[in-house]
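# Structural overview
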Amino acid sequence: MHLRADLGRTKTILGEKVREALASVLPITAIVLALCFTLSPVPVDVLLAFLAGAVLLIIGMGFFTLGADMAMTPIGEQLGSRMAGSRKLWVVVTVSFAIGLIVTLSEPDLQVLAGQVPGIPNMVLIAAVAIGVGVFLVIALLRILFQVPLQWLLIGSYALVFLLAAFVPKDFLAVAFDSGGVTTGPMTVPFIMALGLGVSSIRSDANAAQDSFGLIALCSVGPILSVLILALVFPASSSYVPAAIPQAGDSRELMQLFVSAFPHYAWEVLTCLLPIAAFFALFQIFFLRLKMKKLLRILVGLLYTYIGLAVFLTGVNVGFLPAGTYLGQKIAGLSVQWILVPIGMLMGWYIVQAEPAVHVLNKQVEEITAGAIPGSAMSTSLSLGVAASIGLALVRVLTGISVLWFLAPGYLLAVGLSFFVPKIFTSIAFDSGGVASGPMTATFLLPFAQGACEALGGNIVTDAFGVVAMVAMTPLLTIQLLGLAYQWKMRAQQAAGPEDEEIIELAF
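Residues numbered from 1 in each chain as written. Predicted model: local features only at pLDDT ≥ 70, side-chain atom pairs only at ≥ 80, totals over all residues. Heavy atoms only, no water.

### Topic: the overall build of the protein
This is how it is decided: Only DSSP runs of H or I with at least four residues qualify as helices, and only runs of E with at least two residues qualify as strands; both kinds are numbered from the N terminus onward. To sort residues, take the accessible area from a 1.4 Å probe on protein chains only and compare it with the maximum for the residue type: under 20% means buried, over 50% means exposed, and anything in between is partly exposed. Whether two residues are in contact is decided by their heavy atoms, any of which lying within 4.5 Å being enough.
Looking only at helices and strands, one finds 21 helices and 0 strands in the protein. Expressed as a percentage of the 508 residues in the protein, the buried residues total 57%. Within the protein, contacts between residues at least 6 apart in sequence are counted, and of these 86% link residues at least 24 apart.

Below, the structure written as structure tokens:
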């Protein structure tokens, strides 16, 4: 009876997750279809592959988000609380570094980016990024334990980043900042955020839950620094070769594109999840010793996570990536090239809603703030930020302006805002930057920019790369501006009478 009831609840929750994914993916699908039938006609096989990819994307997101709730979040919380509960500094440092290393090596987004970067062997780039995440995850967890203000760590970290950037070849700048964005993807975000909650749970002060935010922000800095240091060792290379657009003569060949690709991504996701599962198994045997029912739920959650990510990556890479590249090429080839910017902004507005990790962040923000920061406000702020970032990224594609001309003032303004907004908004804002730049950005918007850059005859490595970095930067501003509005609301309520408070509530 209990098993049947659990299966019934799981089926209901899965249906809800799939409906959420459907609502997220439909807008960007509608935009692409509108472009295909108006400004940018595409071959029928590319269009059908895109639609099939959208279906797989919806199914994959549904399974993944359910699996994250059932497995990744509980594993992270259990490891975090047990690790911090040991009260031994060497345990926190050693275990958190190992977790950061393992989870990053498991991140599909990083593998997607590494396969597109010329001049550096894939595993060298992945290993460097993983070490950067491991080091900064240690710093982030120690910050929670010792209650170090986040803003001072961010100021010091980004000062070092931009100092190093002055000595690095320009071919590596955009790639380095992109690495910081892709590191915090669908595998890493649920795990690291839950780890922060677990560590903060051993503190009894009022700010403990708020301090659990900021881990993603710091873990996004580590890869940037590690790739900048790596750039001083490896020679730069700009000989980028874009992925070929697949072709299918009939429906059977179209299906074969997905069928033949699925084993590759299934194996890729398996290699991603195995280190996490093995690490958890060791902790379960020697430390956690969870009851069978809870352990079984986590194992089922890992299975859902595996199925969801494998289906998700197959749909995105086979269906979305080629369509993004082709659309970018066709639209950039129009007589009015500047139309790239508003089209890209429209895509950016909706595409962030399809990022799996965004849903995880929005849910945890709403829970920890007890609804004071609603998920709808977070979604709107993130959409505004990503829309602006894609517009600026495509301005770079059109003009060839260095990415530093956008990132340096953007981060400077973001750090400046941190002195005027509530601390919780600063932590969430810097976390949101890493979360927004997930698999949809790396596998649709980046190829879109690459296709446009190729059609315009630009340098793809210096001009098209950097899209992920721009997406990671702008939410830092929009979420903190949301914090300023929230702060104004609270002050206005304190100063207003009961009738005025009702008017203010309606305004927000």
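Once you've had a look at it, read on.
### Quick look at the confidence of the model for the protein
Basically, it comes down to this: Known as pLDDT, the predictor's confidence for each residue is given on a scale from 0 to 100.
Chain-level pLDDT for the protein is 82 on average; 89% of the residues reach the 70-or-more range. Note that pLDDT drops below 50 for residues 500-508; the model gives that stretch 11 contacts with residues more than four away or on any other chain.

### Concerning the packing of helix 15 (residues 375-399) against helix 20 (residues 467-495)
Rule in force here: For helices, the fitted axis covers only the stretch in contact; all axes are lines through C-alpha atoms, and the angles between them, taken along N-to-C directions, range from 0 to 180 degrees. Angular relationships are summarised with four words: roughly parallel below 35 degrees, roughly antiparallel beyond 145, roughly perpendicular across 65 to 115, and oblique for the angles in between. Definitions for this section: a left-handed crossing has its near helix turned counterclockwise from the far helix by less than a right angle. A right-handed crossing has that turn clockwise.
Following both chains from N to C, one finds helix 15 and helix 20 inclined at 140°, their axes separated by 7 Å at the closest point. Classified by the angle their axes make, helix 15 and helix 20 are oblique. Every pair of crossing elements has a handedness; the one defined by helix 15 and helix 20 is right-handed. Each of Ala377, Met378, Ser381, Leu382, Leu384, Gly385, Val386, Ser389, Ile390, Leu392 and Ala393 in helix 15 lies in contact with helix 20, whose residues at this interface are Val467, Met470, Val471, Thr474, Pro475, Thr478, Ile479 and Leu482.

### Things to note about the pattern of salt bridges
Put simply, the rule is: Note on definitions: salt bridges are taken to be side-chain nitrogens of Lys or Arg within 4 Å of carboxyl oxygens of Asp or Glu.
Enumeration over the complete set of coordinates arrives at 1 salt bridge. Aspartate 69 is paired through a salt bridge with lysine 17; the nearest N and O atoms lie 2.7 Å apart. With aspartate 69 in helix 2 (residues 44-85) and lysine 17 in helix 1 (residues 2-36), this residue pair connects regions lying 52 residues apart in the sequence. Note on aspartate 69: relative accessible area 27%, which makes it partly exposed. When its relative accessible area of 13% is taken as the criterion, lysine 17 is described as buried.

### Digging into the nonpolar core
Quick note on the threshold: Side-chain atoms within 4.5 Å link the members of a nonpolar core, which is a set of buried Ala, Val, Leu, Ile, Met, Phe, Trp, Tyr and Cys residues.
With 163 residues, the main nonpolar core has Ile99, Leu327, Met347 and Phe444 as its most contacted residues. Setting aside residues no more than four positions away along its own chain, isoleucine 99 makes contact with Leu79, Leu137, Phe191, Leu195 and Phe279. Leu14, Phe63, Met70 and Tyr304 belong to the second-largest nonpolar core, a separate cluster that totals 5 residues.

### A look at helix 8 (residues 188-200)
To be explicit about the condition: How far a helix is expected to stretch is found by multiplying one less than its residue total by 1.5 Å.
Its 13 residues give helix 8 an end-to-end C-alpha distance of 18 Å, which sits within 8% of 18 Å, the value for a rise of 1.5 Å per residue. Within helix 8, 13 of the 13 residues are buried, which leaves it mostly tucked inside the rest of the structure.

### Side note on the environment of alanine 176
As for its placement among the helices and strands, alanine 176 is situated in helix 7 (residues 170-183). When the C-alpha positions of alanine 176 and valine 161 are compared, they lie 9.9 Å apart, and in sequence the two are 15 residues distant. Residue contacts for alanine 176: discarding those within four places in its chain leaves Ile224, Val227 and Leu228.

### Re a nonpolar patch on the surface
Just so we agree on the cut-off: Patch membership is restricted to residues that have no salt bridge and whose relative accessible area is over 30%. Joining uses 9 Å for like charges and 5 Å for the nonpolar side chains Val, Leu, Ile, Met, Phe, Trp and Tyr. Residue exposure ignores everything except the shown protein chains as possible cover, and the areas themselves are Shrake-Rupley values with a 1.4 Å probe.
On the surface, a cluster of nonpolar side chains totalling about 540 Å² of accessible area is made up of Leu160, Leu163, Phe167, Leu232 and Val233. Among the secondary structure elements, leucine 163 is positioned in helix 6 (residues 150-165).

### With respect to unusual backbone geometry
A positive phi is found at glutamine 147, a non-glycine position, where the angle reads about 55°. You can see glutamine 147 is positioned in the loop between helix 5 (122-146) and helix 6.

### With respect to the packing of aromatic side chains
Two numbers describe a pair of aromatic rings. These are the distance of the centres and the angle of the planes. The cut-off we apply is this: For this analysis, a ring pair means two rings from Phe, Tyr or Trp (six-membered ring only for Trp) whose centres lie within 6.5 Å, classed as stacked if their planes differ by under 30 degrees, edge-to-face if by over 60, and tilted for the remaining angles.
In this structure the tally under the stated criterion is 9 aromatic pairs. Relative to phenylalanine 177, the ring of phenylalanine 162 lies with its centre 5.8 Å away and its plane at 35°, an arrangement referred to as tilted. With phenylalanine 162 in helix 6 and phenylalanine 177 in helix 7, this pair connects stretches of sequence that are 15 residues apart. Taking the relative accessible area as the measure of exposure, phenylalanine 177 reaches 2% and is therefore buried.

### Observations concerning helix 12 (residues 292-332)
Quick note on the threshold: By definition, a residue's bend is the angle between the axes fitted to the seven residues ending there and the seven starting there.
Its 41 residues place the ends of helix 12 57 Å apart at the C-alpha level, agreeing with the 60 Å of an ideal helix rising 1.5 Å per residue. At phenylalanine 320, helix 12 is bent by approximately 35°, the largest bend along its length, and proline proline 322 sits one to four residues beyond.

### Side note on the side chain of serine 157
Within the secondary structure layout, serine 157 lies in helix 6. By relative accessible area, serine 157 is classed as buried at 9%. Each residue touching serine 157, except ones within four places of it in the same chain, is listed here: Phe136 and Val221.

### Here's the deal with the side chain of serine 96
Tracing the sequence through the fold places serine 96 in helix 3 (residues 89-105). For serine 96, the contacting residues outside a window of four places in its chain are Met83, Val91, Gly134, Leu137, Val138 and Leu141.

### Here's the deal with the packing of helix 7 against helix 10 (residues 215-231)
Stated formally: Residues are grouped as follows: Ala, Val, Leu, Ile, Met, Phe, Trp, Tyr, Cys and Pro are nonpolar; Asp, Glu, Lys and Arg are charged; all remaining types, including Gly, are polar.
Put simply, helix 7 and helix 10 touch, their axes get as near as 7 Å, and they point 150° apart. When the axes of helix 7 and helix 10 are compared, the pair comes out roughly antiparallel. Our pair here, helix 7 against helix 10, has a crossing hand that is right-handed. The segment helix 7 lies against helix 10, with Phe172, Leu173, Ala176, Phe177, Ser179, Gly180 and Thr183 engaging Ser220, Pro223, Ile224, Val227, Leu228 and Ala231. Class assignment for the residues of the contact of helix 7 with helix 10 results in 9 nonpolar, 4 polar and no charged.

### Re the environment of tyrosine 306
Going by this rule: The term polar contact refers here to a pair of N or O atoms within 3.5 Å; inside protein, the definition further demands a hydrogen-donor-capable atom paired with an acceptor-capable atom, and it admits residues adjacent in sequence only when both atoms are side-chain atoms.
Mapped onto the secondary structure, tyrosine 306 falls in helix 12. Taking the C-alpha atoms as reference points, tyrosine 306 and leucine 270, separated by 36 residues in sequence, lie 6.9 Å from one another. Excluding anything up to four places from it in sequence, tyrosine 306 contacts Ala266, Val269, Leu270 and Leu273. Polar contacts involving the side chain of tyrosine 306 include one to the main-chain carbonyl oxygen of alanine 266, which spans 3.2 Å.

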